[in-house]
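Residue-level structural notes
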Amino acid sequence: MTLSPTAPASRAAVGSATPPPVDRQRLEHLHHTVSGWFTAESRDLPWRDPDRTPWGVLVSEVMLQQTPVVRVLPVWHEWMERWPEPALLAAEPPGEAVRAWGRLGYPRRALRLHAAATVIAAEHGGRVPDTEEGLLALPGVGSYTAAAVAAFAFGRRATVVDTNIRRVHARLVGGEALPAPALTAAEQRRAAELLPEDAALSVAWNASTMELGALVCTARSPRCAECPVAADCAWRAAGEPPPSYTPKGQAWHGTDRQVRGAVMAVLRAAEHPVALELFTGPAPEPELVSETAPEPVPGPGAGLVSGPGGAVSRARSPHAMALARLHALRTGPEQLERAIAGLVADGLAVDDGGRLALP
DNA sequence: GACCCGTGGAT
DNA sequence: TATCCAAGGGT
């Protein structure tokens, strides 16, 4: 990426040829156009509300790591109602954060968010740090989250680089279908060069570029007909060349991750420490239950549920259902032990004398 | 840099 | 049904 005010606007070539440089005039056009699109088309998300707090922004950014907005929304509201300030979360056991995390996935994020709240309460007077450097020092906060919170919670000029922004940059000015599998130094440089100098404009650019990637310039089927800068897109000008690599899918069935997830579901549903024999022992007898029940609200035992044909049967407790789901995986004992040991090593579970529990 | 870490909707 | 993918971070 080059920024040369005097560079001629050469015609975009087809194939692997270098896309034309972005001169200052074109850059300002992009800033204005994409930000204008954001004003008209962006989603009305609660962590963008004027009443939001920096803590609310931080929680949203961590929850949104690798997790879609629609799944985050209800959990974020629950967290904000229960823990409107980081000190309130820090006052509870970390396991409560893991339990309230529900099915967002990657429960280590919940653990680190609790740890971050503890640091904020103990070392920052209960206030979220307002600089990238201060944010970066928090557990679970990496380069993306630090920049995002600095920009969106505090209005600072920070180079935000997430998967959406990477994809928009790759297409719009890079002429490529998709960014590289992993973030490169060249991408970070390009993002820094594209960022408006003015702080307020930079925040708008970060937010609008991210939103454009989420709603229009999507990974699978980009909605170019709705794109405000389609006419400026280097990828389209190049004839929409295909990705230069094929993503390798991540296996799931039979992996340790699947087993860890099933074990965590049992612990989240359990009100008391669970004997290890219940994980490794024989599966409980099958019963008529709804396998599509939502994430259980931890509560007392079994209730009645109406089954097929209006029949009423005794439903297993959420805990028993999670246990049944784990046993349905038919995991070998050594893999089960490995998964549990991993959870303990990560601090997601504690072995309380032969019983497993949330920390 | 490679690899690991959850979950569920969309295609 | 199988694969892809989603506001990444840590080791």
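No experiment lies behind these values; they were computed from the predicted model shown.

**Overview of the confidence of the model for chain A**
- Across chain A, pLDDT averages 88, with 86% of residues at or above 70.
- This stretch, residues 1-16, has a pLDDT under 50; its non-local contacts, to residues over four places away or in other chains, come to 22 contacts.
- Every residue in residues 288-313 scores below 50 in pLDDT, and together they form 36 contacts with partners more than four places removed in sequence or on other chains.

**As for helix α10 (residues 185-194)**
- Taken together, the buried positions of α10 are Glu187, Arg190, Ala191 and Leu194. Taken around the axis of α10, the buried residues stretch over an arc of 100°, which confines them to a single face.
- For α10, the elements touching its buried residues are α1 (24-41), α9 (163-172) and α11 (199-215).

**Focus: the nonpolar core**
- Trp55, Leu58, Trp79, Val263 and Phe279 are the most contacted members of the largest nonpolar core, which totals 89 residues.
- Residue contributions to this core peak at 9 residues, all from helix α8 (residues 143-154).
- Other than its neighbours up to four places away in sequence, valine 263 contacts Phe279, Leu326, Leu336, Ile340, Leu343 and Leu356.

**Topic: the sheet that holds strand β5 (residues 355-357)**
- Across the sheet, which stays open at both edges, the 3 strands sit in the order β1-β5-β4 with antiparallel pairing between neighbours. Single-partner strands in this sheet number two, and they are β1 (274-275) and β4 (350-351).
- Pairing analysis gives 2 bridges linking β1 to β5, with the strands arranged antiparallel. When the sheet's bridge partners are listed, alanine 275 is paired in β5 with arginine 355.

**Things to note about the protein's contact with DNA strand B**
- Of all residues adjacent to DNA strand B, which total 16 residues, the nearest are Arg71, Arg103, Pro107, Arg260 and Gly261.
- Side-chain polar atom of arginine 257 to a base nitrogen of DNA strand B: 2.9 Å apart, as the coordinates give it.
- Contact between DNA strand B and arginine 268: a phosphate oxygen at 3.4 Å from a side-chain N or O atom of the residue.
- Top element by residues in the surface near DNA strand B is helix α13 (residues 256-269). It accounts for 4 residues.
- Considering only residue class, the surface near DNA strand B consists of 4 nonpolar, 4 polar and 8 charged.

**Digging into the packing of α8 against α11**
- Interhelical geometry of α8 versus α11 gives an angle of 120° and a closest axis separation of 9 Å. Accordingly, the angle class assigned to the pair α8 and α11 is oblique. Taken as a pair, α8 and α11 cross one another with a handedness that is left-handed. Residues Tyr144, Ala151 and Phe152 of α8 pack against Val203, Asn206, Ala207 and Met210 of α11.
- A per-class count over the contact of α8 with α11 returns 6 nonpolar, 1 polar and no charged.

**A short note on the protein's contact with DNA strand C**
- For DNA strand C, the set of nearby residues contains 29 residues, the closest of which are Trp47, Glu61, Leu64, Thr145 and Arg220.
- Counting only the atoms of DNA strand C that lie within 4 Å of the protein, the sugar and phosphate share comes to 63%.
- The contact in question runs from a phosphate oxygen of DNA strand C to an N or O atom on the backbone of glutamine 66, over 3.2 Å.
- Separating a phosphate oxygen of DNA strand C from a backbone N or O atom of threonine 163 is a distance of 3.3 Å.
- Listed by contribution, the elements that provide at least two residues to the surface near DNA strand C are α6 (108-123), α8, α9 and α11.
- In terms of residue class, the surface near DNA strand C is built from 11 nonpolar, 10 polar and 8 charged.

**Let's talk about the pattern of salt bridges**
- Summed over the entire model, instances satisfying the criterion amount to 12 salt bridges.
- Notably, a salt bridge pairs arginine 48 with glutamate 211, separated by 2.7 Å at the nearest N-O pair. Taken as a pair, arginine 48 in the loop between α1 and α2 (54-63) and glutamate 211 in helix α11 lie far apart in primary sequence, 163 residues in all.
- For aspartate 346, the salt bridge is made with arginine 108, and the minimal N-O distance between the two is 3.7 Å. Placement of aspartate 346 in the loop between α16 (333-345) and β4 and of arginine 108 in helix α6 is noted, with a sequence separation of 238 residues between them.
- The class for aspartate 346 is partly exposed, based on a relative accessible area of 31%.
- Among the residues examined, arginine 108 registers a relative accessible area of 38% and is labelled partly exposed.
- Counted as one network, the salt bridges with shared partners bring together Arg82, Glu92, Glu96 and Arg99.

What counts, and where the lines are drawn
Residues numbered from 1 in each chain as written. Chains lettered and ligands numbered in written order. Predicted model: local features only at pLDDT ≥ 70, side-chain atom pairs only at ≥ 80, totals over all residues. Heavy atoms only, no water. pLDDT = per-residue confidence, 0-100. Contact = heavy atoms within 4.5 Å. Buried < 20%, exposed > 50% of the residue type's maximum accessible area, 1.4 Å probe, protein only. Helix = DSSP H or I, 4+ residues; strand = E, 2+ residues; numbered from the N terminus. Arc of directions from axis to C-beta. Core = buried A, V, L, I, M, F, W, Y, C linked by side-chain atoms within 4.5 Å. Pairing = 2+ DSSP bridges. Near = heavy atom within 4 Å. Polar contact = N/O pair within 3.5 Å; in protein donor to acceptor, adjacent residues only side chain to side chain. Nonpolar A, V, L, I, M, F, W, Y, C, P; charged D, E, K, R; others polar. Axes fitted to C-alpha atoms, helices over the stretch in contact; angles between N-to-C directions. Parallel < 35°, antiparallel > 145°, perpendicular 65-115°, else oblique. Left-handed = near helix turned anticlockwise from the far one by under 90°. Salt bridge = Lys/Arg side-chain N within 4 Å of Asp/Glu carboxyl O.

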